[in-house]
Amino acid sequence: MKKLVNLSGIIALVAIIGFLLVGCDFLTGGDDSGNDGGGTGGGSGTTPSITIRNNTGYYIHSWYIKPSNSTDWGSEIWVWQSDGDSKTHSFSQSLSSNNVYDIRLAQNQFGGGHNFRKYGVTISNGMTINFTSSDLNDGNNLPSITIQNRSGVSFNSFKIKPSSSSDWGTSFGSISNNDDRTVTIPIPPSSYTVFDLQMGSSNPTNTYTRTNVAITNGMNFIFTSADKDNPTIEMPVIVIQNNTGYYIHSWYIKPSNSTDWGSEIWVWQSDGTLKTHTLSQSLSTNNVYDIRLAQNQFGGGYNFIKNNVMISEGMILTFTTTDLK
């Protein structure tokens, strides 16, 4: 009798433990796959992933994946992927945050060799994306633009984004005053119609922004001090463009009410180029100037002169053969 009682007790205890274990599993929503119960589709509960199949005919060293509205390809993803292989990538954000991406497969390290690209891919969790030789793209369809810094200060940052995006992304680098910088925007113009451009300076701190610009390949953008987003107190800056057909050695600039041309300003300015000059007094003190461009040192050779020029901040003054005196 005692053995039967003990056995009944053990059976009851096992039943209670089993019920508790089942209840715990129900409450936590766990499963054998190791998922956290968030389901598919890239919701807040899961990290979405995709599979990329390499059918390009080439060995692939690395991938680059970015949101389609970003100009930053981000870090290289090393995959060492043979032709015919499939590999999986997990995203760092849910698809509710973003689900349209650009994907680039690079044959060699650091994006070298052949590149295979897909733009504007709408991602869903678990999807397989097949790359073939038809995706070979060397980037010739991407626009290159040139920024000419004629602001009188150095730009320590240079950013571009689609106007519909709020994320400026990372900087393309810096541009010294009187320097030019050409960059390729890694977004096809067909994907977005207009872009915003923003230059940033740290001495003084300011930004120079252009919005809703329709980008085309080969465009030039001249940024002057007149493009400041916030007014600051410095001496005014003007830009002189040499279209005289001659190499210019030096400038002379004086208030129109003065007879003294002052000191020679050495510029060594080739034909077709633009350079800046910071005036020595504010425009509230004087804004009418005479300007002389000299072909040779000490005012020698041909001289090109503009008299009684009404100066405004950031203005571009173009000298041509008609200014020959």
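For the structure, check the block above.
Here, residues in each chain are numbered from 1, in the same order as that chain's written sequence. Confidence filtering applies because this is a predicted model: local features only for residues at pLDDT of at least 70, side-chain atom pairs given and counted only at 80 or more, and all residues used for totals across whole chains, interfaces and linings. Only heavy atoms go into the side-chain values, all of them from the structure, while hydrogens and water stay out.

## Some thoughts on the side chain of Arg 104
Line of reasoning, step 1. Examined against the element boundaries, Arg 104 turns out to sit in strand β5 (residues 100-106).
Line of reasoning, step 2. No salt bridge is formed by the buried Arg 104; its nearest oppositely charged neighbour, Glu 76, is found at 8.1 Å.
Line of reasoning, step 3. Within 3.5 Å is the distance limit for a polar contact, defined as a pair of N or O atoms, with the added protein rule that one can donate a hydrogen and the other accept it, and that residues adjacent in sequence qualify only through two side-chain atoms. Polar contacts involving the side chain of Arg 104 include one to the side chain of Asn 115, which spans 3.0 Å.
Line of reasoning, step 4. Not counting chain neighbours up to four residues away, the residues in contact with Arg 104 comprise Ser 62, Trp 63, Tyr 64, Trp 73, Gly 111, Asn 115, Phe 116 and Arg 117. To qualify as a helix, a DSSP run of H or I must reach at least 4 residues; to qualify as a strand, a run of E must reach at least 2; elements of each kind are numbered from the N terminus. Burial here depends on accessible area, computed with a 1.4 Å probe over protein chains only, as a share of the maximum for the residue type. Under 20% is buried, over 50% is exposed, and the range in between is partly exposed. By the counting scheme adopted, Arg and Lys are positive, Glu and Asp are negative, and His together with the chain ends is not counted. In the sections that follow, a salt bridge refers to a side-chain nitrogen of Lys or Arg positioned within 4 Å of a carboxyl oxygen of Asp or Glu. Contacts between residues were defined by any pair of non-hydrogen atoms, one from each residue, lying within 4.5 Å.

## Quick notes on the sheet that holds strand β13 (residues 220-224)
The pairing of strands in a sheet comes from backbone hydrogen bonds and takes either a parallel or an antiparallel form.
Line of reasoning, step 1. Two strands pair if DSSP finds at least two bridges between them. On the basis of which strands lie adjacent, the open sheet formed by three strands has the order β10-β8-β13 and mixed pairing. The sheet terminates laterally at β10 (180-184) and β13, the two strands that pair on one side only. Adjacent strand axes in the sheet meet at a mean angle of 20°, parallel and antiparallel pairs treated alike.
Line of reasoning, step 2. Both strand β8 (residues 144-150) and β13 contribute to a ladder of five bridges, which runs parallel. By the bridge assignment for β13, Arg 150 is matched with Thr 224. Under this scheme, a helix contributes an axis fitted over its contacting stretch, all axes are lines through C-alpha atoms, and angles between N-to-C directions fall in the 0 to 180 degree range.

## Quick word on the pattern of salt bridges
Line of reasoning, step 1. A complete count under the given rule lists eight salt bridges for this structure.
Line of reasoning, step 2. For the salt bridge of Arg 150 with Asp 180, the shortest nitrogen-to-oxygen distance reads 2.9 Å. Separated by 30 residues along the polypeptide, Arg 150 in strand β8 and Asp 180 in strand β10 bring together distant segments of the chain.
Line of reasoning, step 3. The class for Arg 150 is buried, based on a relative accessible area of 4%.
Line of reasoning, step 4. With a relative accessible area of 42%, Asp 180 lands in the partly exposed category.

## Some details on the packing of aromatic side chains
Line of reasoning, step 1. The pairing test for Phe, Tyr and Trp rings, Trp by its six-membered ring, is centres within 6.5 Å, and the orientation test on the planes gives stacked under 30 degrees, edge-to-face over 60, and tilted for anything in between. Evaluated as defined, the whole model comprises nine aromatic pairs.
Line of reasoning, step 2. Ring centres of Tyr 246 and Phe 304 lie 6.0 Å apart, and the angle between their planes is 35°; on these two criteria the pair is classed as tilted. In this pair, Tyr 246 sits in the loop between β14 (237-242) and β15 (248-255) while Phe 304 sits in strand β19 (residues 303-310), placing the two residues 58 residues apart along the sequence.
Line of reasoning, step 3. Here Tyr 246 falls in the partly exposed class, since its relative accessible area comes to 31%.

Scope: geometric values only; no functional claims are made or implied.
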